[in-house]
Structures are given as structure tokens and as C-alpha cells.
Amino acid sequence: MAGKIEVKGSHVKSSASPKEYEVYVQMGLACNGCAYIYVGKHIPSGSFVAIRKVNLENCPVKFDDLAHEIAMHRLFNSPHILECFSTFLSEDTLWVVMPLQGYGSCMDIMQARFQFGLPELAIALILKQVLEALVYLHECGIIHRSLRASHILVSETGQVVISGLRNCYLLERFGLVENKCWHFPTNSDKAINYYSPELLGSLGVVACELANGHTPFANLKSYEILYEKLEGNRPRLLDSSNTSFSNDSEVYHSRTFSTDFHEFAEKCCSYSPDERPTAKELLNHRFFNQTKQISFGQLPKMLEPLTPLTSSVLENHTEMGAVSSVTDQLASATLTDLQWEF
Amino acid sequence: MPRFGKSQKNPADVVKSLRDALDVLDKSQDKKKLDKANDELVKSISSIKLFLYGSAEQEPQQDVIAQLSQEIYSSSLLHNLLVNLHLIDFERKKDVTQIFNNLLRRQISSRLPTVEHIAAKPDILFLLLNGYENQDIALHCGLMLRECLRHESLCKLILTSPKFFDFFNYVEMSTFDISSDAFSTFKDTLTKHKSVVSEFLEEQYDKFFDYYQRLLNSENYVTRRQALKLLGELLLDRHNFVPMTKYISNEKNLKLMMNMLRGKEQKYSV
């Protein structure tokens with residue numbers, strides 16, 4: 001049962017009509033709140049999916065951007081990039097059918113159970129998969145430009161996918177660029193080297209976000225953030241080495257991250273692009289040595305007591321004909337503040 | 001060719017082996033042969049990319065590129081690749097798109113050799129257009145077609161062909177990503193080269209607006225909305241003054257617009 005969703009969605013792909021889906025409960029918001037994510041079921045195959053509905057009539061996001069995002073999801077084929085099974089219109093609402101990600105985004109996970117950040121090993125497992133996706137994207141000449149915890153989704157098996165390709169950027173060299181405003185006269189390879197370290201800067205911020213449970217500088221106004229950055233304050237991992245018992249939360253003070261993790265975050269957050277490594281180099285960083293013996297299948301264990309929205313859970317309850325009560329329970333249990341950002 | 005090391009073939013060989021591989025993929029049923037042809041295909045496509053883009057150690061060589069494109073034109077490889085695009089694997093389709101668009105941008109002083117090549121073989125354009133009928137290659141064909149439309153001569157070839165009217169079917173496809181891609185190509189065709197378009201609109205006024213009417217009355221919300229927006233752009237363009245006056249002097253059109261304004265959708269703006 002649980003394996004059903006992992007099957008590549010070829011059977012779902014051809015189903016481009018709202019009649020072929022049963023929609024249950026809303027599990028989150030996306031697109032700055034103008035799109036809703038629902039748990040749904042593809043009726044012909046019986047597999048569970050996530051359905052994102054956008055009402056185009058009152059959507060502040062530009063239509064072309066939405067189309068761009070979907071085209072991007074279609075052009076990539078990587079186990080760590082969110083796949084898009086099918087898209088179609090029903091009246092003035094755009095439906096996007098995607099595989100169900102049982103744990104939602106890393107932001108959801110932290111909001112539900114890990115207010116002070118995830119354990120280091122879990123972060124390593126997540127970031128390793130994110131980096132694999134980035135290596136693939138960079139090879140395709142794509143820069144993600146919108147990497148953050150809410151764009152990193154975790155499936156019930158612990159597999160991680162990234163989403164949020166709406167802001168991604170295609171480099172000229174790959175012949176896919178359509179907007180000439182972004183044309184770079186530089187040699188193609190230089191353009192990549194120039195850009196990818198910038199992206200990995202945001203990876204450093206994501207690492208801090210996952211470790212601390214909140215986004216660095218999130219409580220400051222934008223000019224204050226700029227000031228902090230000009231002052232040379234970088235995002236950092238909060239633990240016993242750099243927090244004092246009195247001002248900071250006890251949780252931060254009582255834990256210690258490995259020096260490898262500190263070095264990893266520091267490297268990514270370095271302000272000079274030349275000092276930042278490429279995605280491929282980062283994959284070989286010592287920080288990931290701890291993940292060598294284990295696979296991403298271990299991730300769900302580390303996220304306990306959080307339970308994912310698995311197909312077997314949904315299946316049992318739909319069979320009993322108690323869909324609405326279950327989904328209500330689910331909604332009140334872990335899903336209330338879920339936010340999927342796409 | 002010492003500059004590529006010993007294992008590298010020259011452009012002529014690469015083009016030939018790619019052609020042969022495509023041939024096998026198209027005709028053969030034998031699994032073993034197909035696998036072999038696929039390997040060959042992957043190899044030759046990556047060597048073509050290497051010729052065009054160079055590598056970290058090696059800048060692309062102009063004379064090699066010239067030789068390569070000569071081979072590609074004379075063997076009509078572009079045509080061949082497009083005919084068999086649906087047989088090529090997922091990642092390689094993107095490579096083909098890249099190669100195509102790179103060649104298209106190639107310029108020798110004021111000449112654009114690939115554009116001339118395609119203008120002489122308009123089949124290539126219509127293969128790309130027909131690509132919208134096949135879900136697996138639609139987006140790739142769209143990317144290549146829009147690159148072609150940047151050139152006036154190619155845009156004119158499409159506009160003057162009856163196949164242009166196929167667009168009216170493609171923009172209403174049920175799959176959203178394909179229909180919206182088709183619409184952006186359709187829009188490019190009608191807005192990129194003003195003088196060609198105004199000529200076309202004057203000549204084909206009746207047929208075009210007859211078809212266009214269907215888009216405005218479409219069941220599909222997005223088609224309706226985008227068609228209306230594009231209509232506004234077309235009519236307000238100075239180049240299209242003659243068709244515009246003709247359009248607004250028809251009372252039926254006024255009625256249509258009034259009815260649309262009355263509709264409940266708010267995003268309509270003409």
C-alpha cells in the first residue's frame with residue numbers, strides 16, 4: 001500500500017479531469033497563500049496525491065509565472081525534485097496534481113514538533129538530498145533562487161524533494177533562456193561559477209534554519225537585516241559553543257553540533273562568492289560522512305513522534321467510510337498550521 | 001584531430017553516427033540493436049555539445065563549429081532529429097533543444113546560416129508546430145519554435161502557411177502546461193514582427209478573426225482571458241491600424257465586448 005505513491009505517476013499522468021480525483025482535506029497553503037493544497041485520491045488507480053488548486057481569478061501571482069513553474073517541473077526528472085503528474089483547468093481554477101509528501105515541508109515539521117530545530121543527523125540526510133537535486137539542476141543550467149525550509153518537502157519514506165521552481169533561472173548557455181533581460185555576456189562556464197555559489201549561500205541559511213528552528217534574521221526588518229549583514233554578522237548554528245545560558249534558550253545552550261557541521265554552514269554562508277564551494281564539492285564535505293552508513297529511510301525514525309500522512313493511514317480510513325472524520329482529526333492533529341510553499 | 005585527444009572523432013563522423021543511430025531507433029525492433037543505437041546516440045549528442053560549447057579546458061573552436069554545422073545542414077540532421085524526437089530519451093531531448101537553439105543563434109557577419117537552412121526547409125518549422133500534438137515533446141518543440149520565431153523570415157513562413165491555424169487547436173488542449181506553452185508561442189508569432197503581422201491580418205482578416213472569435217467564446221477560462229488580453233494588444237498596436245478600424249466598425253464585435261464586460265470574471269481588461 002505504502003509503495004503506491006512512489007510508483008512513478010504514469011497512471012496519474014493521463015488523468016486530466018477533475019472528475020477523476022476525489023478531494024479530501026486541505027493540508028496547507030502555497031504561493032503566498034493564494035493556492036491551497038489538498039489531499040486527494042486518483043480514483044482510477046486508487047493512489048493518494050497532493051492537489052494544488054489555484055484560483056486564477058483572484059491570484060496575485062502572475063499567470064506566466066505559474067505556467068513557468070509548471071513547465072520547469074515538467075522539464076526535470078530527478079528523484080529529488082518535486083514531480084508534477086498532471087495539470088488542468090476546471091472553470092477558473094488551475095489544478096496541479098503532485099505526489100503526496102507525507103511529512104509536508106521542513107517548515108511544517110519544525111512548526112509541529114521541532115521548534116528549536118532538527119537533530120544534526122536528520123539535517124545531514126535532508127541537505128544531502130537537497131544537494132543532489134542542486135547538482136542536477138546546475139548540470140541542467142538552472143539556478144533555483146528560492147531555496148528555503150518551506151520548499152524542502154519530505155515524503156513518508158524519508159525521501160526529500162525540492163519545490164518552488166517559480167523563481168528559478170535558466171542560464172543562457174543552455175539555450176532555454178527566453179528573457180533577454182537576463183542575458184549575460186560572460187563566458188558560459190564563468191556564468192555558472194558566478195551564480196551557483198550565490199545559491200549555495202542560501203543553502204547555508206537553510207542549514208541554519210533547519211538547525212535553529214527559525215530563519216536567521218527573521219525577526220528583523222529588512223533594513224536591519226541589511227545592516228546586520230554589512231556589519232559582517234552571518235547566520236550561524238546556535239549551540240553551546242556560541243550561546244550563553246542567560247540570554248538564549250536553554251535548548252540551544254544544552255546541545256552541541258559537530259565541528260564539521262559548523263564548518264559546513266560557515267563555508268556556505270561566506271560572504272565572498274569565491275570562498276563558497278560548488279554543490280558537487282559540498283557533497284563531499286566531511287559533514288556528510290555521518291550519513292554514509294545510513295540511508296534516507298532512517299529519516300522518519302528521527303522525526304518521531306511526528307506521524308506522516310501515509311497512504312495506508314488514509315486507505316484504512318477511507319475504506320471505513322469515515323473520510324471526513326479522519327481528515328478532521330488529521331487537520332486538528334498536525335496539519336493545522338501546515339504551510340507548503342511552492 | 002590531436003586537439004581533441006585521440007579518442008575524439010571529427011564532426012563528420014559524429015553526425016554520421018548520430019544519423020545511423022536515429023535510423024536504427026526508428027526502424028529496428030531488435031532490443032539489442034536499439035540499446036546499442038541509444039548508446040551511440042548519447043555519445044554523439046554529447047560530442048556535438050562538446051564541439052559547440054567546449055569544455056572547461058577547451059574553448060569551442062570556430063572552424064570545428066563551422067565544419068559541424070556544414071555537416072548538419074548537408075545531411076539534414078535537424079530534420080531527422082525532430083522527426084525522431086519522441087524516440088530520444090528524456091535528458092537527451094533537452095540536449096537536442098540546446099543544440100538546435102545554439103545553432104540557430106549562430107552568426108557569420110550578418111548572415112544567419114541556420115536560419116537560412118530552415119527557411120529552405122520549412123518542414124522543420126511545421127514539425128516543431130506539430131510537436132504540440134505529442135505530450136512528450138510538446139514543451140521542447142515549443143522552446144525551439146519560439147527561438148525560430150525571433151527571426152522574421154521564419155515567422156513569416158509560419159504566418160503565411162495554412163498550418164498556422166493549427167494553433168487555434170493547440171491553445172485549447174486539455175493539458176494546461178501544453179496549452180499555455182502553445183499560447184505563448186501563438187502570442188510570439190503575432191507580436192514579434194509587427195509589419196509581417198499587420199500584413200497577415202489585412203490579408204487574412206476574415207479567416208483570422210473568425211477563428212479568433214472561437215477563442216473568445218472558449219469554454220476554457222484561461223484561453224478566454226489570454227485571448228482577450230492578446231486581442232487588446234493586437235488592436236492597440238499602431239501597425240495594425242487598418243485591421244483595428246475594420247474590427248471596431250463591426251457592431252457584432254462591440255456587442256461581444258459589452259457582453260464580456262458584463263460577465264462575472266473580473267480579470268478581463270480590454
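Cut-offs applied
- Residues numbered from 1 in each chain as written.
- Chains lettered and ligands numbered in written order.
- Predicted model: local features only at pLDDT ≥ 70, side-chain atom pairs only at ≥ 80, totals over all residues.
- Heavy atoms only, no water.
- Helix = DSSP H or I, 4+ residues; strand = E, 2+ residues; numbered from the N terminus.
- Buried < 20%, exposed > 50% of the residue type's maximum accessible area, 1.4 Å probe, protein only.
- Lys, Arg positive; Asp, Glu negative; His and termini not counted.
- Charge placed at Lys NZ, Arg CZ, Asp CG, Glu CD.
- Salt bridge = Lys/Arg side-chain N within 4 Å of Asp/Glu carboxyl O.
- Axes fitted to C-alpha atoms, helices over the stretch in contact; angles between N-to-C directions.
- Parallel < 35°, antiparallel > 145°, perpendicular 65-115°, else oblique.
- Left-handed = near helix turned anticlockwise from the far one by under 90°.
- Contact = heavy atoms within 4.5 Å.
- Nonpolar A, V, L, I, M, F, W, Y, C, P; charged D, E, K, R; others polar.
- Core = buried A, V, L, I, M, F, W, Y, C linked by side-chain atoms within 4.5 Å.
- Pairing = 2+ DSSP bridges.
- 1 Å grid on protein atoms, 1.4 Å probe; cavity = no way out; pocket = protein on both sides within 12 Å on 5 of 7 lines; lining within 4 Å.
- Points joined across faces, edges and corners; volume = space filled by probe spheres on them.
- Domains from an automatic or database assignment.
- Buried area = accessible area lost by both parts, 1.4 Å probe.
- Phe/Tyr/Trp six-rings, centres within 6.5 Å; stacked < 30°, edge-to-face > 60°.
- Lys NZ or Arg CZ within 6 Å of the ring centre and 35° of its normal.
- Expected span 1.5 Å × (residues − 1).

Turning next to the overall build of chain B. In terms of helices and strands, chain B carries 16 helices and 0 strands. The dimensions of chain B, computed from C-alpha atoms along their principal axes, are 75 × 45 × 30 Å. Across the 270 residues of chain B, 50% fall into the buried class. Between the mean site of the 38 positive side-chain charges and the mean site of the 36 negative ones, chain B shows a separation of 2 Å.

Residue and element names in this part refer to chain A. Counting across every chain of the model gives 19 salt bridges over all chains. Residues Glu 69 and Arg 52 are paired through a salt bridge, measuring 3.3 Å at the closest nitrogen-oxygen approach. One end of the pair, Glu 69, is in helix α2 (residues 63-75); the other, Arg 52, is in strand β3 (residues 47-55), and 17 residues separate them in sequence. Look at Arg 52 and you get buried, because its relative accessible area is 4%. Its salt-bridge partner being Glu 263, residue Arg 286 comes within 3.6 Å of it at the nearest N-O pair. Note that Arg 286 is positioned in the loop between α9 (279-283) and α10 (299-302) and Glu 263 in helix α8 (residues 259-269), a separation of 23 residues in sequence.

When two helices pack together, their arrangement is given by the angle between the helix axes and by the axis-to-axis distance. In contact at an axis separation of 10 Å, α2 of chain A and helix α11 (residues 176-191) of chain B are set at 120 degrees when each is read in the N-to-C sense. Taken together, the axes of α2 of chain A and α11 of chain B are oblique relative to one another. For the element pair α2 of chain A and α11 of chain B, the recorded crossing hand is left-handed. Every residue of α11 of chain B that contacts α2 of chain A at Phe 63, Ala 67, Ile 70 and Arg 74 of chain A is listed here: Phe 176, Asp 177 and Ser 180 of chain B. Its residues assigned to classes, the contact of α2 of chain A with α11 of chain B shows 4 nonpolar, 1 polar and 2 charged.

Membership of the largest hydrophobic core comes to 79 residues, with the highest contact counts inside it found for Phe 100, Phe 164, Phe 186, Leu 190, Phe 208, Tyr 212 and Leu 216 of chain B. Excluding residues that lie within four positions of it along the chain, Leu 190 of chain B makes contacts with Leu 159, Phe 164, Val 197, Phe 200, Phe 208, Leu 230 and Leu 234 of chain B.

Glancing now at the sheet that holds β3 of chain A. Either a parallel or an antiparallel arrangement is found when strands of a sheet pair, and the pairing is made through backbone hydrogen bonds. Residues and elements named next belong to chain A. Strands sit in the order β1-β2-β3-β5-β4 across an open sheet of 5 strands; the sheet is antiparallel. Across the chains shown, the open sheet's two edge strands, defined by having one partner strand only, are β1 (21-30) and β4 (86-90). Shown here is a sheet whose adjacent strand axes are inclined to one another by a mean of 30 degrees, direction ignored.

Here we come to empty space enclosed by the protein. Residues and elements named next belong to chain A. Inspection of every chain in the model, using the stated rule, returns 6 cavities of 30 Å³ or more. In this structure, the second largest cavity encloses a volume near 60 Å³. If you go around the second largest cavity, you meet 10 residues; those closest to its centre are Arg 52, His 73, Cys 84, Val 96 and Met 98. For the lining of the second largest cavity, the class distribution of residues is 6 nonpolar, 1 polar and 3 charged.

Even without a glycine there, the phi angle at Glu 91 of chain A is positive, about 55 degrees. By secondary structure assignment, the location of Glu 91 of chain A is in the loop between β4 and β5 (93-99). Phi at Ser 76 of chain B is positive, roughly 40 degrees, even though this residue is not glycine. Within the secondary structure, Ser 76 of chain B sits in the loop between α3 (62-74) and α4 (77-83).

Turning to the packing of α2 of chain A against helix α8 (residues 138-149) of chain B, a few remarks are in order. Interaxial distance between α2 of chain A and α8 of chain B falls to 10 Å at its minimum, and their mutual angle equals 115 degrees. Where α2 of chain A crosses over α8 of chain B, the two elements pack in a sense that is left-handed. Of the residues in α8 of chain B, those touching α2 of chain A at Ala 71, Arg 74 and Leu 75 of chain A are Leu 139, His 140 and Leu 143 of chain B.

Moving on, we come to the domain arrangement of chain A. Accessible area lost when the parts come together is the quantity often used to give the size of an interface. All names here are of chain A. One can read the domain layout of chain A as domain 1 (5-100 + 309-332) and domain 2 (104-300). The interface is formed by 20 residues belonging to domain 1 together with 20 residues belonging to domain 2. Across the domain 1/domain 2 interface, buried area totals approximately 1800 Å², and carbon plus sulfur atoms make up 63% of it. Counting every contact that joins domain 1 to domain 2 gives 1 salt bridge. One salt bridge connects Arg 166 with Glu 69, and the closest N-O pair in it is separated by 3.3 Å. In terms of residue count, the dominant contributor to the side of domain 1 that touches domain 2 is α2 (6 residues).

We now examine the packing of aromatic side chains. All names here are of chain B. Throughout the structure, instances matching the rule amount to 33 aromatic pairs over all chains. Seen in terms of ring centroids, Phe 164 and Phe 167 are 5.7 Å apart; in terms of plane orientation they differ by 70 degrees. Their pairing is edge-to-face. Like Phe 167, Phe 164 is buried. The aromatic ring of Tyr 211 is capped on one face by Arg 214, whose charged end is 4.5 Å from the ring centroid.

Our focus in this paragraph is the sheet that holds strand β9 (residues 160-162) of chain A. All names here are of chain A. Read across the open sheet, the 3 strands follow the order β6-β8-β9; overall the sheet is antiparallel. For this open sheet the edge positions go to β6 (104-105) and β9, each flanked by a neighbour on one side alone. Direction of pairing for strand β8 (residues 152-154) relative to β9: antiparallel, over a ladder of 3 bridges. The residue bridging Val 154 from the neighbouring strand is Val 160, located in β9. Helix α4 (residues 120-139) contacts β8 and β9 of the sheet and is inclined by roughly 45 degrees relative to β9.

The next thing to look at is the environment of Leu 235 of chain B. Of note, Leu 235 of chain B is situated in helix α14 (residues 221-236). Note: C-alpha distance between Leu 235 of chain B and Tyr 247 of chain B (12 residues apart in sequence) is 8.3 Å.

Once that is clear, we can look at α2 of chain A. Residue and element names in this part refer to chain A. With 13 residues, α2 ought to run about 18 Å at 1.5 Å a step, and its terminal C-alpha atoms sit 19 Å apart, in line with that. For α2, the tally of buried residues reaches 10 of 13 residues, placing the bulk of the element in the interior. Looking at α2, one finds that the buried residues are Phe 63, Leu 66, Ala 67, Glu 69, Ile 70, Ala 71, Met 72, His 73, Arg 74 and Leu 75.

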